[in-house]
Amino acid sequence: MYFDTHAHYNDKRYNDDREQLMEELAAAGVTHILNASYSLSSAKYSLGLAENFSPAGNYPSIYVSIGVHPHDAKTMNDNTVAELEKLLSHPKAVAVGEIGLDYYYDHSPRDVQQKRFVEQLALARRVKLPVVIHMRDATEDTLRIMNDFKDLSCVFHCFPGSWETAEIILDMGWYLSFTGVVTFKNARRALEVIEKMPEDRLLLETDCPYMSPEPFRGKRNSSLYLPYIAAKIAEVRGVATEDIANLTMENGKRFFGIV
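Here the structure is a predicted model, which means the values were calculated and not measured.

Chemist: Summarise the sheet that holds strand β3 (residues 61-66); cite the residues concerned and give the values.
Modeler: Consider a sheet: its strands pair through backbone hydrogen bonds, and that pairing is either parallel or antiparallel. Spatially, the eight strands line up as an open sheet ordered β1-β2-β3-β4-β5-β6-β7-β8, and their pairing is parallel. Taken across any chain shown, the strands that pair with only one partner, and hence form the sheet edges, are β1 (2-7) and β8 (202-204). This sheet shows a mean twist of 30 degrees between the axes of neighbouring strands, independent of strand direction. Strands in contact with helix α8 (residues 226-237) are β1, β2 (30-36), β7 (175-178) and β8; relative to β8, the strand with the most contacts, it is inclined by about 150 degrees.

Chemist: Report on the pairing of strand β5 (residues 131-136), specifying residues and quantitative values.
Modeler: Buried residues dominate β5, accounting for five of its six residues. Here strand β4 (residues 93-102) runs beside β5; their pairing, made up of five bridges, is parallel. Its bridge partner being in β5, D102 is matched across the sheet by R136. Crossover β4 to β5 through helix α4 (residues 110-127) is right-handed. As paired strands, β5 and strand β6 (residues 154-156) are joined by three bridges and run parallel to one another. Residue pairing in the sheet places V132 in a bridge with V155 of β6. Regarding the hand of the β-α-β motif, the stretch spanning β5, helix α5 (residues 139-146) and β6 is right-handed.

Chemist: Summarise empty space enclosed by the protein; cite the residues concerned and give the values.
Modeler: On inspection of all chains with the given rule, the structure shows one cavity of 30 Å³ or more. In this structure, the largest cavity occupies an estimated 30 Å³ of space. Its residues assigned to classes, the lining of the largest cavity comprises three nonpolar, four polar and one charged.

Chemist: Tell me about the environment of E98, residues and numbers included.
Modeler: Relative to the assigned elements, E98 resides in strand β4. Residue E98 is classed as buried on the basis of its relative accessible area, which comes to 3%. Within the local environment of E98, its side chain forms a polar contact with the side chain of H134, the two groups lying 3.1 Å apart.

Criteria and thresholds
Residues numbered from 1 in each chain as written. Predicted model: local features only at pLDDT ≥ 70, side-chain atom pairs only at ≥ 80, totals over all residues. Heavy atoms only, no water. Pairing = 2+ DSSP bridges. Helix = DSSP H or I, 4+ residues; strand = E, 2+ residues; numbered from the N terminus. Axes fitted to C-alpha atoms, helices over the stretch in contact; angles between N-to-C directions. Contact = heavy atoms within 4.5 Å. Buried < 20%, exposed > 50% of the residue type's maximum accessible area, 1.4 Å probe, protein only. Right-handed = clockwise from strand over helix to strand, strands pointing away. 1 Å grid on protein atoms, 1.4 Å probe; cavity = no way out; pocket = protein on both sides within 12 Å on 5 of 7 lines; lining within 4 Å. Points joined across faces, edges and corners; volume = space filled by probe spheres on them. Nonpolar A, V, L, I, M, F, W, Y, C, P; charged D, E, K, R; others polar. Polar contact = N/O pair within 3.5 Å; in protein donor to acceptor, adjacent residues only side chain to side chain.

Okay, structure coming up:
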């Protein structure tokens with residue numbers, strides 16, 4: 001059984017076959033999905049997905065993280081956090097995210113990204129929920145800001161960093177999550193982290209429809225490809241693929257507080 005801890009099934013690329021795909025995922029053993037929001041509108045749509053697709057209808061259990069991505073930080077205003085907090089009262093809302101900093105694209109000014117990141121971290125503290133972190137080319141500022149939020153439970157999704165950065169994050173008691181990138185030829189740093197990190201802080205994700213693993217790179221991604229990611233992680237850690245599936249299921253449920 002698999003837990004995809006970061007997906008975007010609200011994406012329009014699933015509009016033509018979303019229901020059929022959900023049935024295929026359940027049949028393939030994908031029992032849990034965390035649909036990560038990146039804006040107010042995506043959060044509302046994601047909650048609708050969680051309500052409309054349920055195990056009773058032979059679908060995976062869908063949960064949702066609620067937050068505004070750094071790309072969209074410029075769209076936030078003084079009322080946005082209050083709106084996010086209302087959405088977080090939904091029973092399927094289990095985390096704040098994905099939030100963070102992205103200096104690769106700089107779609108929002110960096111000072112605005114930082115301001116809105118801090119506001120949403122404070123929200124997570126207030127509502128006592130874990131946080132899904134997006135960090136791209138912004139390691140120093142991300143960790144500096146998060147140094148004031150050591151009490152939070154956090155996962156760095158699609159972890160892009162070195163073992164030195166991973167050690168800092170792991171020493172805080174936080175989690176790391178990995179995508180199909182681990183199957184790429186240039187994934188040396190990620191594989192080093194996977195080999196060295198403690199097993200109880202490892203999560204599995206697709207970040208679909210992005211980040212398809214080999215041999216599907218360049219195509220639309222989905223949770224059907226989780227076994228390819230798990231197999232690569234299992235190879236690096238010297239265990240069976242099934243062991244990684246079971247381990248990351250247990251870790252995911254614990255992190256998101258799912259019984």
